Amino acid sequence: MTTRILIADDDPAVLRMLERLLHRAGYDVLSAGGGEEAIRLALAEKPSILITDWSMPDMNGVEVCRVLRSLEGIRFTYIIMLTAHAEEERMVEAFEAGADDYLRKPVNPQELLARLHAATRIVQLEADLERQNRSIRQVNAELLAVNRRLEELVRTDPLTGLANRREAMSVLNAIWQQGDARLGLSCMLLDIDHFKSLNDRFGHAFGDQALCETARAMNRLARPEDVVCRIGGEEFLILCPGQSLEATRRAAERIRAEVQALTITCDGQEATITASIGVAAGDATMHKPDDLIRKVDQAMYVAKRLGRNQVRTAEEQPPADRVRVPAPAELATAVARHEAADPSAPPTVLVADDDAGIRAMCRRFLEAGGFGVIEAGDGLEALAKAAELRPDVIVLDAVMPRLDGLECARRLKAHPLTREVPVIMASASDAEADVLAGLEAGVDEYITKPPRRREFLLRVSSMARLFRGKVELMRACDLRDEHARALALLLDYAVALSVTRDMEAILEKTVAVTARLLRCGRVSLMLPDSRREYLAIAKAVGIDPEVVRSLRVPHGEAIAGSVFDSGRPCIVNSPDGAPRDPSRYDTGVFASVPLASHPLVGPDRIMGVLNLTQRAGGRPFSPRELKYIELISALAAAMIDDTLTRRARDEAADSIVIALATLVEYRDNDTRKHMDRVTAFSLILARELQRQRRFTREIDGEFLHDLERAVPLHDIGKVAVPDRVLLKAGTLDAEETLQMRRHAEIGARTIRSVIERVPNVRYLKMAEQITLSHHEFYDGTGYPHQLKGDRIPLAARITALADVYDAITTRRSYKDALSHEAAVAIIREASGTQFDPRVVDAFLARQEEFRLIATELADDHHPTCGSANLAPVEAAEPVSV
């Protein structure tokens, strides 16, 4: 595509000459006879390059630059300023106005074409960058929308629209962090009575309708500050901050009555429902949120045991009816045994009856039907065996010694390990009152004794099938919850990566999310050295710090080195696939099987390797988990590549700026290492000041990072000082002193023009402060603005002392070098006048380091600053200049 150039000049001869030159060079040329016409054409035709004369009658070139740079949303235009004037001020003014280049008239055609060739490359780079930025903004917008939707899904119950268990626990934990708030927190737990029977009788659509109607009723009656949640199945939790237990109980009673008054209609069927509600409040004896949840859960089961459709607190439970809550170890063991059971194994039935003949009959029926059988002679034995063996169905005799069937059923339904197991009540009576009593106790089916074989097997088979289905559903829900947890972690990880640009933070977040998501006790992220000869651990969890520091895996060796070499992941899920003779590199990284090593594949190279091992429970990696590892590796690789590329670009830009500053120093053969010394001195002072409480917040890692890059630019304005002044061997006269002092403002304006083009480079702002103010005196007698005390930026006060120390202890064209002792005496004398006393104190505390650096970085042509035979001088003009 042909580059379009706009020429603005009020001289027709110049316009024609430039038009012919540029047409022959293959450019698309537009012409304007003045500044206002140039702006109209620039807005209408959008040229890539503007060549404008400085002096035009209606609007000069500087005003044209300012107008174009002030307009937002227009295409970038590279501006070259033409002028017949050679003053330095003109050049500075042009660049401050936004010009990109500066040429003097008469124009040299070859030089102009060369400048245009470079300008074309810059315009193309700007266009490429803008396209990339648009693409990135679009991707970020799409990711943000997806993230918002994911977050909504993770926090909301899809059926009722209420907050889900995850959100409920998040809110509860947030309240719990406020000690006073949790003491004023109450809650209620609602469970729809006989919900399973409703589902079985009317269908799941009816059950869903009942859940939604209940949710709406709770929302209508809840306060605005209450948090209404569905935490699973037919259970709802309402958190009531700032409400007493008694007030919550009254609110719960209103909700109970509202639920009882509901008429659920679905597919032409109508029915009413009831709910049992427990209430509890936080108190000083509770140490964690689970204590409150456990208490309200107990209260809800009290309501159920006392007849359902009522509101109760845990304290209303009669002592004889208390249900022993199993210890966490018991729960874990029982649940693990149940989950490990083979789903294809025959269902197991617990038969509890004090009549051995009835038990023997039931065993014959059940074994002939393919069931496993467990026997119990009374209710207490049935309770113990049910909790230990977790049968698929329990058959209870209504009348048994020690504990009858009704009470046994209540306790089974109240026990965390057996509450879901279906219970069939067997009784010699089929009176309606007895059947209702059994149903009220939580029984799922009712049969008469002696059992009839076919009916008995059909009832047991139906209950076993429903229980197995429910177990599978619970497993599916657990899997869904696990998937939601994984999505939430990945979402948090993606959001965290999108807002950080720090390599250390990227590595730390990657290792942390990998360990949490994949439940691995040992995770390491390895990156190559600069020559890509070996891998080193850049960040890890669960690995000995000495191993992290010392381990080096050669390229192509061991598991990690081979993965880095080939770009293919290595997954070992069983001991059979593990190396028979693991190398010392492998034992340093991997603790056990299963293990995974995945490459971080960047756009054009392998960035590193992510290693995982020491899985919780020794579970193998599932296909879904391998996808998680692949996703994390891809995100980490992209961010590491982007950070390294950006770092390389920033370092290149820093190097260019520092190189320009070095050119200033090389004009004076006496100060070639001046920048290095002053930078080192400044960092010593800043680190010493950082130890003082007064400066702890102001001087942090970013301050030191910026200071190291900013100090070398402190004298960049000397580029505008003529050699006859800068290199003069004698004392400067008044006019020459004025010219020398102007370098502070010229340097600051030069850096400001760069900042306007690239406003996000933080160290340049500090460089501008230092350049402008490092000759200000603490008592207000310095230059250029006579700033006083802390109005002088801290970085400038630090650099001022470092600069003067170096000026005293090195030979200059106008003086000999003085000793370190002389410099100490002069600086101590100037404390409170020329220098900040706190900076002087920092210098005196670290002065030996100054002496050492001055010696190590001494210029080759003069003796070190330690030469004590040199006489001290007064802190006069040479010190301040």
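Structure report, in brief. In every chain, residue numbers begin from 1 and rise along the written sequence. For a predicted model such as this one, the threshold for reporting local features is a pLDDT of at least 70, and the threshold for listing and counting side-chain atom pairs is 80 or more; totals across whole chains, interfaces and linings nevertheless cover every residue. The side-chain figures draw on all heavy atoms in the structure; neither hydrogens nor water molecules are used.

What about the overall build of the protein chain?
Next up, step 1: Helices and strands together make up the secondary structure of the protein chain, namely 33 helices and 23 strands.
Next up, step 2: Of all 881 residues assigned to the protein chain, the portion counted as buried reaches 47%.
Next up, step 3: Accessible areas in this description were obtained via Shrake-Rupley with a 1.4 Å probe; residue shielding takes into account the shown protein chains only. Split by element, the accessible area of the protein chain, about 42,500 Å² in all, is 53% carbon and sulfur. Secondary structure elements follow DSSP: runs of H or I no shorter than four residues count as helices, runs of E no shorter than two count as strands, and numbering proceeds from the N terminus. We call a residue buried when its accessible area falls under 20% of the maximum for its residue type, exposed when it is over 50%, and partly exposed in between, using a 1.4 Å probe and counting protein chains only.

Details of the side chain of Asp 641
Next up, step 1: Structurally, the position occupied by Asp 641 is in helix 22 (residues 623–665).
Next up, step 2: Residue contacts follow a heavy-atom distance rule, with two residues in contact if any of their heavy atoms lie within 4.5 Å. Discounting residues that sit within four places of it in the chain, Asp 641 has contacts with Pro 603, Arg 605 and Met 607.

Focus on the pattern of salt bridges
Next up, step 1: Salt bridges are defined by distance alone: a side-chain nitrogen of Lys or Arg within 4 Å of a carboxyl oxygen of Asp or Glu. Scanning the model with the defined rule gives 55 salt bridges in all.
Next up, step 2: Of the charged contacts, one joins Asp 101 and Arg 115 as a salt bridge, the two residues approaching to 2.6 Å between their closest N and O atoms. With Asp 101 in strand 5 (residues 101–104) and Arg 115 in helix 5 (residues 109–155), the pair connects residues that are 14 residues apart, well separated along the chain.
Next up, step 3: Judged by relative accessible area, which is 12%, Asp 101 ranks as buried.
Next up, step 4: For Arg 115, a relative accessible area of 26% puts it in the partly exposed group.
Next up, step 5: A salt bridge links Glu 455 to Arg 459; its shortest N-O distance comes to 3.2 Å.

A short note on the sheet that holds strand 4 (residues 78–83)
Next up, step 1: A sheet is described by the order of its strands in space; here five strands give the open sequence 2-1-3-4-5, paired in parallel fashion. The sheet is open, and its two borders are formed by strand 2 (28–32) and strand 5, each paired with just one other strand. Strand-to-strand, the axes of this sheet are offset by a mean angle of 20°, without reference to chain direction.
Next up, step 2: The criterion for strand pairing is that DSSP finds at least two bridges linking the strands in question. Sheet analysis places strand 1 (residues 4–8) next to strand 3 (residues 49–53), joined by four bridges and oriented parallel. Residue Ile 5 lies in a different strand from strand 3, and its bridge partner there is Ile 49. An axis is simply a line fitted to the C-alpha atoms; with a helix, the fit covers only the stretch in contact. Between two such axes, the angle follows the N-to-C directions and lies from 0 to 180 degrees.

Some details on the side chain of Thr 810
Next up, step 1: Here Thr 810 lies in the loop between helix 29 (794–809) and helix 30 (820–829).
Next up, step 2: Thr 810 gets classed as buried once you look at its relative accessible area, which sits at 3%.
Next up, step 3: Polar contact is the term for a pair of N or O atoms within 3.5 Å; when the atoms are in protein, one must be able to donate a hydrogen and the other to accept it, and sequence-neighboring residues count only if both atoms are side-chain atoms. Among the polar contacts made by the side chain of Thr 810, one reaches the main-chain carbonyl oxygen of Asp 806 at a distance of 2.6 Å.

Things to note about unusual backbone geometry
Next up, step 1: Omega for the peptide link from Lys 449 to Pro 450 comes to -5°, which places this bond in the cis form.
Next up, step 2: Secondary-structure assignment places Pro 450 in the loop between strand 17 (445–448) and helix 17 (453–499).
Next up, step 3: Residues Tyr 783 and Pro 784 are joined by a peptide bond in cis, for which omega reads 15°.
Next up, step 4: We note that Arg 390 has phi near 45°; this positive angle belongs to a residue other than glycine.
Next up, step 5: Within the secondary structure layout, Arg 390 lies in the loop between helix 14 (379–389) and strand 15 (393–397).

Observations regarding helix 15 (residues 405–414)
Next up, step 1: In terms of burial, helix 15 is a largely internal element, seven of the 10 residues being buried.
Next up, step 2: Every buried residue of helix 15 is listed here: Gly 405, Glu 407, Cys 408, Ala 409, Leu 412, Lys 413 and Ala 414.
Next up, step 3: Where helix 15 is buried, its residues meet helix 11 (289–305), helix 14, strand 15 and strand 16 (423–427).
Next up, step 4: At the N-terminal end of helix 15, a side-chain oxygen is found 3.2 Å from the backbone nitrogen of Leu 406, two or three residues along, and the residue is Asp 404.

Structural notes on helix 20 (residues 558–566)
Next up, step 1: Residues of helix 20 that are buried include every one of Ile 559, Ala 560, Gly 561, Val 563 and Phe 564, and no others.
Next up, step 2: Taken from the residues just after helix 20, Gly 567 is the one with a positive phi, measuring 75°.

Topic: the packing of helix 29 against helix 30
Next up, step 1: It is the contact of helix 29 with helix 30, at a shortest axis distance of 9 Å, that shows an interaxial angle of 140°. Judged by the inter-axis angle, helix 29 sits oblique to helix 30. Viewed along their axes, helix 29 and helix 30 form a crossing whose handedness is right-handed. Here Leu 801, Tyr 805, Ile 808 and Thr 809 of helix 29 come into contact with helix 30, specifically with His 820, Ala 823, Ile 826 and Ile 827. Angles below 35 degrees are treated as roughly parallel, those above 145 as roughly antiparallel, those between 65 and 115 as roughly perpendicular, and all remaining angles as oblique. The crossing is said to be left-handed when, going from far helix to near helix, the turn is anticlockwise and less than a right angle, and right-handed when the turn is clockwise.

Examining the nonpolar core
Next up, step 1: Definition of nonpolar core: a set of buried residues of the types Ala, Val, Leu, Ile, Met, Phe, Trp, Tyr and Cys, connected through side-chain atoms within 4.5 Å. Counting 46 residues, the largest nonpolar core has Leu 685, Phe 703, Leu 707 and Leu 801 as its most contacted members.
Next up, step 2: Per-element tally for this core: the top contributor is helix 29, with eight residues.
Next up, step 3: Contacts of Phe 703, omitting those with residues within four sequence positions, involve Ala 686, Glu 698, Met 766, Leu 794, Ala 795 and Ile 798.
Next up, step 4: Listed in part, the 31 residues of the second largest apolar core include Phe 206, Val 228, Ile 238 and Leu 262.

Section: a negative patch on the surface
Next up, step 1: Each patch is assembled from residues with relative accessible area greater than 30% and no salt bridge, linking like charges that lie within 9 Å and nonpolar side chains (Val, Leu, Ile, Met, Phe, Trp, Tyr) that lie within 5 Å. Asp and Glu are treated as the negative residues and Lys and Arg as the positive ones, with His and the ends of the chain left uncounted. Think of each charge as sitting on NZ of Lys, CZ of Arg, CG of Asp or CD of Glu. Taken together, the side chains of Asp 10, Asp 11, Glu 36, Glu 37, Asp 58 and Glu 63 make up a negatively charged region of the molecular surface.
Next up, step 2: Locating Asp 10 in the fold gives a position in the loop between strand 1 and helix 1 (12–24).
Next up, step 3: Judged by relative accessible area, Asp 10 falls into the partly exposed class, the value being 36%.

Observations concerning the environment of Ile 5
Next up, step 1: As for its position among the elements, Ile 5 is in strand 1.
Next up, step 2: Spatially, the C-alpha atom of Ile 5 lies 9.4 Å from that of Leu 116, the residues being 111 residues apart in sequence.
Next up, step 3: In contact with Ile 5, not counting residues within four places along its chain, are Leu 22, Tyr 27, Asp 28, Val 29, Leu 30, Pro 47, Ile 49, Ile 51 and Leu 116.

Looking at the sheet that holds strand 23 (residues 606–615)
Next up, step 1: Pairing is antiparallel across the open sheet formed by six strands, whose spatial order is 20-19-18-23-22-21. With one partner strand each, in any of the chains shown, strand 20 (552–554) and strand 21 (570–572) form the two edges of the open sheet. For this sheet, the mean angle separating the axes of adjacent strands, direction not counted, is 25°.
Next up, step 2: Pairing geometry for strand 18 (residues 520–528) and strand 23, over six bridges, is antiparallel. Directly across from Ser 524, in strand 23, lies its bridge partner Asn 611.
Next up, step 3: Each of strand 18, strand 19 (534–541) and strand 23 touches helix 18 (residues 503–518); the most contacted strand, strand 18, lies at about 145° to it.
Next up, step 4: Sheet contacts for helix 20: strand 18, strand 19, strand 20, strand 21, strand 22 (595–601) and strand 23; angle to strand 23, the most-contacted strand, approximately 145°.

What about a nonpolar patch on the surface?
Next up, step 1: Taken together, the side chains of Leu 43, Leu 71 and Ile 74 present a nonpolar region at the surface, about 220 Å² in accessible area.
Next up, step 2: Structurally, Ile 74 is set in the loop between helix 3 (61–70) and strand 4.
Next up, step 3: The exposure class of Ile 74 is partly exposed, given its relative accessible area of 36%.

Here's the deal with the packing of aromatic side chains
Next up, step 1: Stacked, edge-to-face and tilted labels apply to pairs of Phe, Tyr and Trp rings (six-membered ring for Trp) whose centres lie within 6.5 Å, assigned for plane angles under 30 degrees, over 60, and everything in between, in that order. Applying the stated criterion across every chain, the model contains seven aromatic pairs.
Next up, step 2: Grouped by ring-pair contacts, the aromatic residues Phe 681, Tyr 805, Phe 843 and Phe 850 constitute a single cluster.

A short note on the environment of Arg 453
Next up, step 1: Along the chain, Arg 453 falls in helix 17.
Next up, step 2: C-alpha of Arg 453 to C-alpha of Gly 369: the two residues are 84 residues apart in sequence and 9.9 Å apart in space.
Next up, step 3: Not counting residues up to four positions away in its chain, the partners in contact with Arg 453 are Phe 365 and Ala 368.

Quick look at empty space enclosed by the protein
Next up, step 1: Points on a 1 Å grid over protein atoms alone make up a cavity when a 1.4 Å probe fits among them but cannot get out, and a pocket when they form an open set with protein on both sides within 12 Å along at least five of seven lines; lining residues each have an atom within 4 Å of a point. Grid points are joined across faces, edges and corners, and a volume is the space filled by probe spheres set on the points. Applying the stated criterion across every chain yields a total of four cavities of 30 Å³ or more.
Next up, step 2: Of the voids in this model, the largest cavity is the one considered here, and its volume is about 60 Å³.
Next up, step 3: Along the wall of the largest cavity there are 13 residues; nearest its centre are Asp 353, Ile 358, Cys 362, Val 395 and Ala 426.
Next up, step 4: Those elements giving two or more residues to the lining of the largest cavity turn out to be strand 13 (348–352), helix 13 (356–368) and strand 15.
Next up, step 5: Take the lining of the largest cavity: its biggest share by element is three residues, from strand 15.

Re the pairing of strand 22
Remember that side chains alternate between the two faces of the sheet whenever the strand is regular.
Next up, step 1: With six of seven residues buried, strand 22 lies mostly within the body of the structure.
Next up, step 2: Strand direction decides the pairing type here: strand 22 and strand 23, joined by six bridges, are antiparallel. Residue pairing in the sheet places His 598 in a bridge with Leu 610 of strand 23.
Next up, step 3: Taking the residues that link successive antiparallel strands as the turn, the strand 22-strand 23 hairpin has four residues.

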